[in-house]
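Descriptive structure summary
The chain contents come next:
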Amino acid sequence: MPPKVPRAVSPILSCRCMRSQCLAKPLQKRAIDRRRPISTYGYVQAKSLVYSKYGSPQDVLDLHTHSISPPYSTLLTLRTLSSPLNPADINQIQGTYATLPPFNTSLGTPTPTAVPGNEACFEVLSAGSGAKSVQKGDWVIARRTGLGTWRTHLQVSEDEVTKVEKEALKAEQVGTVSVNPVTAYRMLKDFKELKEGEWFIQNGANSGVGRAAIQLGKRWGYNSIAIVRGRPGEDGEKLKRELERLGAARVVTDEEMMGKGFKDQVKEWTNGGREDVKLALNCVGGDGAMAMAKVMSQGACMVTYGAMSKSPMRIGASMLIFKDLRFEGFWVSRWSDQHPEEKKKTVDEILDLIRKGKFKDVPMIQLPWNWETKKENLVDAVQGTLEGFRKGKGVFVFGDI
């Protein structure tokens, strides 16, 4: 009886395709590429920043990996290209914002979690057969707030996003258009009719909203007084020159505004007071907001959209009775949710100005997010937004993942 010949053990990975030209590689030679977010069966691997309780970002944020199934019907699978870090995003993580996203286990987390972030530019990776308004490769933005944008990929219904024309635009520009520029645009247009040559005053003028308001106001023929926090040495003068180049008529520090001679200064700038200061944009609150109110014209309006000082505004009765000043509030999240079509028109107009080189970007700090990026790097970037003076807005910029 001939000796048994041992059966050859194939080094090929298990494969049931039965094809003669199978692509399976020998196990000892095959390097598994864990960077690839798309699996053999069309599932997309995604990573999301999540939190399961409120608190400081460094204490509650975690990085979760999960799978997204192929889209069907009107579903879209999106790849995130850019997503900014806005103050409201941090407040939601802390649990102090007016609206808070629901906690759930839709991402397969062991405990209910939420994904932070409300603004982003996405690319359509794939679309279900029922999707009509977009196709693979299109760029889209969220139609409403609360989408949860600090993640590499997500799947949404077609009616949750709006297509934007990406020609001559960068993803960072599209990803930051929905909040700050839209806020500035609507506050300048919706509360008080300004005529060419008339004035508005604003604090926080170095912010994204402030810079947008300066540029839009200049384009529409308005003069602006820009209030900024004082900075030491040459940094302060450099910022003043920068905002003047954007179109601010006057730039002063908050200390200068609180001085005794500020009201007389404004009177001099406004042709002896004959040119009205009809509008004030306030994101600080407290006594600084009331200092702006003192130089506003009869019947003017102050629009508050933030409260960075966390101090109350003590409005004197004479401002209401004798000056007939109006004090209003504006929350771009609520406005956007209530006016999705008007939001799209506003976004399209601003993006067109950017394409034509007539609207400059806010200074940005790019925060790279690749498949290999560690949780600690992402959390440190978020925590860094709580620091004092920063050189620009933090924006997650996603690699080819």
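Scroll up to find the structure this text is about.
Description of the structure in this document. Please read these numbers as outputs of a predicted model, since none were measured by experiment. (Residues numbered from 1 in each chain as written. Predicted model: local features only at pLDDT ≥ 70, side-chain atom pairs only at ≥ 80, totals over all residues. Heavy atoms only, no water.)

**Focus on the nonpolar core**
Of all hydrophobic cores here, the largest spans 38 residues; its most connected members are Leu279 and Leu281. Mapped by element, the contributors of at least two residues to this core are strand 5 (139-142), helix 3 (171-175), helix 4 (180-190), helix 5 (208-219), strand 11 (277-282), strand 12 (301-304), helix 11 (332-338) and helix 12 (340-355). When sequence neighbours within four positions are dropped, the list of residues in contact with Leu281 reads Met187, Leu188, Phe200, Ile201, Gln202, Asn203, Ala213, Met292, Val303 and Tyr305. In terms of nonpolar packing, the next biggest core, distinct from the first, is built from 22 residues, Trp199, Ile201, Phe262 and Ala289 among them. (Core = buried A, V, L, I, M, F, W, Y, C linked by side-chain atoms within 4.5 Å. Buried < 20%, exposed > 50% of the residue type's maximum accessible area, 1.4 Å probe, protein only. Helix = DSSP H or I, 4+ residues; strand = E, 2+ residues; numbered from the N terminus. Contact = heavy atoms within 4.5 Å.)

**Some points on the pairing of strand 6 (residues 153-157)**
Across a regular strand the side chains alternate sides, sitting on one face of the sheet and then on the other. Along strand 6, four of the five residues are buried, which leaves the element largely enclosed by surrounding structure. Pairing of strand 3 (residues 75-84) with strand 6 involves five bridges; the strand directions are antiparallel. The residue bridging Leu76 from the neighbouring strand is Val156, located in strand 6. (Pairing = 2+ DSSP bridges.)

**A look at the packing of aromatic side chains**
Tallying each qualifying case throughout the model produces 12 aromatic pairs. With centroids separated by 6.3 Å and ring planes inclined at 80 degrees, the aromatic side chains of Phe262 and Trp269 adopt a geometry described as edge-to-face. Within the aromatic cluster, the residues linked to one another by ring pairs are Trp150, Trp369, Phe396 and Phe398. The positively charged end of Lys47 is found above the aromatic ring belonging to Trp371, 4.7 Å away from the centroid. Geometry around Trp220 places Lys189 over its ring, the cationic atom sitting 4.2 Å from the centre. (Phe/Tyr/Trp six-rings, centres within 6.5 Å; stacked < 30°, edge-to-face > 60°. Lys NZ or Arg CZ within 6 Å of the ring centre and 35° of its normal.)

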